[in-house]
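If you want the building blocks of each chain, they are given just below.
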Amino acid sequence: MSTEQEVGETPVGETPIIEIAGLSKHYGSVTAVDDVDLTIRRGEFFALLGPSGCGKTTLLRMLAGLELPTAGTIRIDGQDMSAVPANRRPVNMVFQSYAVFPHMTVRDNVAYGLKVDGVPRQEAYRRAEEALELVKLGGYGPRRPDQLSGGQRQRVALARALVKRPKVLLLDEPLSALDAKLREQMRFELVNLQESVGITFVVVTHDQDEALSMASRIAVMDHGRVQQTAPPAELYEFPRTKFVADFIGSVNLIEGTVEASDDGLVRLSAPALQVPVEIEQASGLPAGSTGWLALRPEKVDISREPPDDAGRNTVAGTVEEITYLGDVSIFHVRLTADQPLIKVTIANLDRVTRRPFTWGDRVHLSWAPTCGVVLAQ
Amino acid sequence: MESWRRNPLVFWVTGLPPTAWLLLFFLVPLALVWVLSFAELRGVVEMEVTGTFANYVRALDPLYLQIFGKSFVFAGLTTLVSLVFGFPVALAIVFAPRRWRAVLLLLVILPFWTNLLIRTYALIAVLRTRGFVNFTLEWFWEKANAVLSLLGLGSFQLLGERFEPLELLYNNTAVVIGLVYVHLPFMVLPLYASLEKLDRSLIEAALDLGASQFRAFATVVVPLALPGIISGAILVFIPALGSFLTPDLLGGTDSQMIANVIERQFKSANDWPFGSALSFLLMYLTFGALALRALYTRRTAGQGRA
């Protein structure tokens, strides 16, 4: 896709480490994962993002070998995993509950996987201590898990998985059980850790901020299907479906009819908007078809007078609601009666003592044709 | 129950009857037996409490010590077999679909709904020379012989001249079979309780780290089920040690346990002082076993804090 070069971050590796083809998982009549094709590249920090019940954890557990696919194949480093049980796969997992063995010391927890592989005790303990230092738990070896905080337990789980030098590290909602401050700190640490060990990380999360801030690429899942796989910026700026646009960040979704679509310009008329709008877009939609304008609230400019630039899409409306969030304020503007309000986010650059606009003010909203996308589905 | 101080009347009304019950029907008889164990026989039924230790000295006679020993072996074997059989059962119930668990647990405790005596007689019908096990074996023996005749090998009598039934009843094996049958639920239930609390992801983590199914079981499931194993072992071992009906009905002449000896002292031998002494000796041994267990738990708990 051409847009990837424009906004995407440079991919870490080009060779695939995980290749998933036609993967499905059914539980009775319930479809958890539905015909997923996905390639994860060597050395990247990959995120599976989606609402709860979208199948992302099932997908992760199939990679680990803890669930068996109903159909489809998984190849890890070129090797078919169909007949490989969980304990022989070159992957390790950090469980959501951490699953730290409560009856073992921290050192024995971390050394467990090595001892199982027949590494001599001394050697296993030495490497366990190294792994503990890597996750900043040096010297914690003799402690027992019930003497650790939740964050420390997670680090034990991380060290326990990393000490085995897996080809892929799987993390199931790694930050969900931590408090907000620690969560933000752990994001950086996980990214730094991944860069220093160079192992491919696959993380499952329902938190878009987490995925956007950590991952080099994200697969957005819904109802067992992958909706879109892209780097964070591409996902945000060029969502391919309404679901992705809505799930990542905040968005105005305005239904309309495509009037014309040529020369990289889509012209859309919508009942909610007084005038047809024009959006620059490579992939055209057939004229006459239904389209949805996905417009990010922070890309819309709000002003009392119409802007001079005739090239901008401009509509007029009335301020109906104002939500003050500290760093930003959200203005909800009514353009047409009986149609959804348009959200506009304005950064509060000055201290808000007197708002530039207040309830009931007539305002003009404008945005450049390069802002927003028109979606077919 | 912190509020009982503020409501002493409720406390006494609800607390007094059970206390009185325990005092009257448990502690007082127990004290009587204890006192009797220091008595001497005077004539056929009269006894005199003289404070003698003769009954205890007699109880330490090799003849009785051997029976004590045999009781411990029976109870120990019963505990071991119950554990080996009970663990897979408990594990299977825990891993069964949720809606099946209640039914399976019910099946485990179902034997309790029938009287022990009737269940033991039923077991006799199963194990005796002309019982269901031997009937089944004989049926197979006949079918096998018929097949051999068809093959023209009938005259060689490869399976013996006629069917020899297995002697399954009235021996030590029958006693252990019976004791396991009676006590298995007491092992399964505490095992189930502790396995049910086990976090599944711990087993998955062990597998994920490369452990085989067996290694995950031995290094994760068993250590974490240890409280259940200990509770189950105590719940099986102590009643099995004092069993008297099972060895009485299923055992042979040499498979009597200490409770059978005690019973005989109180009934046919009419030597209450000696029976009392044996009873208390058994109780002291049981307390000893419990004390060992308490010592063990304190040590492991201490390790936890170290």
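Residues numbered from 1 in each chain as written. Chains lettered and ligands numbered in written order. Predicted model: local features only at pLDDT ≥ 70, side-chain atom pairs only at ≥ 80, totals over all residues. Heavy atoms only, no water.

- For chain B, the name recorded in an unreviewed UniProt entry is Spermidine/putrescine ABC transporter permease, with Thalassobaculum fulvum as its organism.
- Under the UniProt heading Sequence similarities (unreviewed entry), the entry covering chain B gives this text: "Belongs to the binding-protein-dependent transport system permease family. CysTW subfamily."
- For the record of chain B, the UniProt heading Subcellular location (unreviewed entry) holds the text "Cell membrane". (UniProt positions renumbered as here; feature names shortened; annotations may be inferred.)

- The name that an unreviewed UniProt entry assigns to chain A is Spermidine/putrescine import ATP-binding protein PotA, with the source organism given as Thalassobaculum fulvum.
- UniProt, in its Function (unreviewed entry) section for chain A, records the words "Part of the ABC transporter complex PotABCD involved in spermidine/putrescine import. Responsible for energy coupling to the transport system."

### A look at the UniProt feature "domain: ABC transmembrane type-1" (unreviewed entry) in chain B
Moving on, step 1. In the numbering used here, UniProt assigns the "domain: ABC transmembrane type-1" (unreviewed entry) feature to residues 68–293 of chain B.
Moving on, step 2. When the span residues 68–293 of chain B is considered, its composition is 75% helix and 0% strand, and the gap between its end C-alpha atoms is 20 Å. (Helix = DSSP H or I, 4+ residues; strand = E, 2+ residues; numbered from the N terminus.)

### Brief notes about the UniProt feature "transmembrane region" (unreviewed entry) in chain B
All names here are of chain B.
Moving on, step 1. Sequence positions flagged by UniProt for "transmembrane region" (unreviewed entry) are, in local numbering, residues 20–39, 72–96, 102–127, 174–195, 216–241 and 274–296.
Moving on, step 2. What you have in residues 102–127 is 77% helix and 0% strand, and the ends, taken at the C-alpha atoms, are 31 Å apart.
Moving on, step 3. Across residues 216–241 one finds 96% helix and 0% strand; the C-alpha atoms that close the span lie 33 Å apart.

### Focus on a nonpolar patch on the surface
All names here are of chain B.
Moving on, step 1. The grouping of W100, V103, L106, L107, L110, F112, W113, F186 and L235 at the surface amounts to a nonpolar patch, some 870 Å² of accessible area in total.
Moving on, step 2. It is helix α4 (residues 98–109) that provides the largest number of residues to the nonpolar patch, a total of four residues.
Moving on, step 3. Here L110 is to be found in the loop between α4 and α5 (116–127). (Patch = residues over 30% accessible without salt bridge, like charges linked within 9 Å, V, L, I, M, F, W, Y side chains within 5 Å. Areas by Shrake-Rupley, 256 points an atom, 1.4 Å probe, with all protein chains shown as cover. Salt bridge = Lys/Arg side-chain N within 4 Å of Asp/Glu carboxyl O.)

### A word on the packing of α5 of chain B against helix α7 (residues 172–196) of chain B
Residue and element names in this part refer to chain B.
Moving on, step 1. The contact between α5 and α7 brings their axes to 11 Å, and the two run at 135°. With respect to α7, the element α5 is oriented oblique. The interaxial crossing formed by α5 with α7 has right-handed handedness. Contact with α5, carried on its side by L116, R119, L123 and L127, involves I177, G178, Y181 and V182 of α7 and no other residues of that element.
Moving on, step 2. In terms of residue class, the contact of α5 with α7 is built from six nonpolar, one polar and one charged. (Axes fitted to C-alpha atoms, helices over the stretch in contact; angles between N-to-C directions. Parallel < 35°, antiparallel > 145°, perpendicular 65-115°, else oblique. Left-handed = near helix turned anticlockwise from the far one by under 90°. Contact = heavy atoms within 4.5 Å. Nonpolar A, V, L, I, M, F, W, Y, C, P; charged D, E, K, R; others polar.)

### Concerning the nonpolar core
Residues and elements named next belong to chain A.
Moving on, step 1. Among the nonpolar cores identified, the biggest contains 63 residues, and I18, L48, L59, F101, Y112, L170 and V202 are the most heavily contacted of them.
Moving on, step 2. If sequence neighbours within four positions are ignored, L48 has contacts with L38, K56, L59, V202, V203, V204, T205, A219 and M221.
Moving on, step 3. Core analysis: the second largest hydrophobic core is formed by 49 residues, V135, L158, A159 and L175 among them. (Core = buried A, V, L, I, M, F, W, Y, C linked by side-chain atoms within 4.5 Å. Buried < 20%, exposed > 50% of the residue type's maximum accessible area, 1.4 Å probe, protein only.)

### Considering the packing of helix α8 (residues 200–208) of chain B against helix α9 (residues 213–224) of chain B
Residues and elements named next belong to chain B.
Moving on, step 1. Between α8 and α9, whose axes approach to 9 Å, the crossing angle comes to 145°. As α8 runs across α9, the sense of the crossing is right-handed. Of α9, the residues touching α8 (which contributes L202, I203, A206 and L207) are Q213, A216, V220, V221 and L224.
Moving on, step 2. Tallied by class, residues from the contact of α8 with α9 come to eight nonpolar, one polar and no charged.

### Observations concerning the packing of aromatic side chains
Moving on, step 1. On inspection of all chains with the given rule, the structure shows 18 aromatic pairs over all chains.
Moving on, step 2. Seen in terms of ring centroids, F112 of chain B and F186 of chain B are 5.2 Å apart; in terms of plane orientation they differ by 55°. Their pairing is tilted. Separated by 74 residues along the polypeptide, F112 of chain B in the loop between α4 and α5 and F186 of chain B in helix α7 bring together distant segments of the chain.
Moving on, step 3. Relative accessible area serves as the criterion here: at 35%, F112 of chain B is assigned to the partly exposed category.
Moving on, step 4. Summarising the aromatic geometry, the rings of W139 of chain B and F140 of chain B are spaced 5.2 Å apart at their centres and angled 80° between planes, so their arrangement reads as edge-to-face.
Moving on, step 5. Within the aromatic cluster, the residues linked to one another by ring pairs are W34, F38, F53 and Y56 of chain B.
Moving on, step 6. Here the basic side chain of R107 of chain A rests over the ring of Y125 of chain A, its NZ or CZ set 5.3 Å away from the ring centre.
Moving on, step 7. Here the guanidinium or amino end of K242 of chain A rests over the ring plane of W292 of chain A, the centre of that ring lying 3.8 Å away. (Phe/Tyr/Trp six-rings, centres within 6.5 Å; stacked < 30°, edge-to-face > 60°. Lys NZ or Arg CZ within 6 Å of the ring centre and 35° of its normal.)

### Points about the domain arrangement of chain A
Residue and element names in this part refer to chain A.
Moving on, step 1. In terms of domains, chain A is made up of domain 1 (2–240) and domain 2 (250–375).
Moving on, step 2. Here the C-alpha centroids of domain 1 and domain 2 sit 39 Å apart.
Moving on, step 3. Of the residues lining the interface, six residues belong to domain 1; the matching set on domain 2 comes to five residues.
Moving on, step 4. Of the roughly 510 Å² buried between domain 1 and domain 2, counting both surfaces, carbon and sulfur atoms make up 51%.
Moving on, step 5. Contact with domain 2 buries surface across domain 1, with Y236, E237 and P239 losing the most and accounting together for 77% of the total.
Moving on, step 6. Our count for the domain 1 to domain 2 interface comes out at three residue pairs in polar contact (both at pLDDT 80 or more).
Moving on, step 7. For the side of domain 1 that touches domain 2, a count of residues per class yields four nonpolar, no polar and two charged. (Domains from an automatic or database assignment. Buried area = accessible area lost by both parts, 1.4 Å probe. Polar contact = N/O pair within 3.5 Å; in protein donor to acceptor, adjacent residues only side chain to side chain.)

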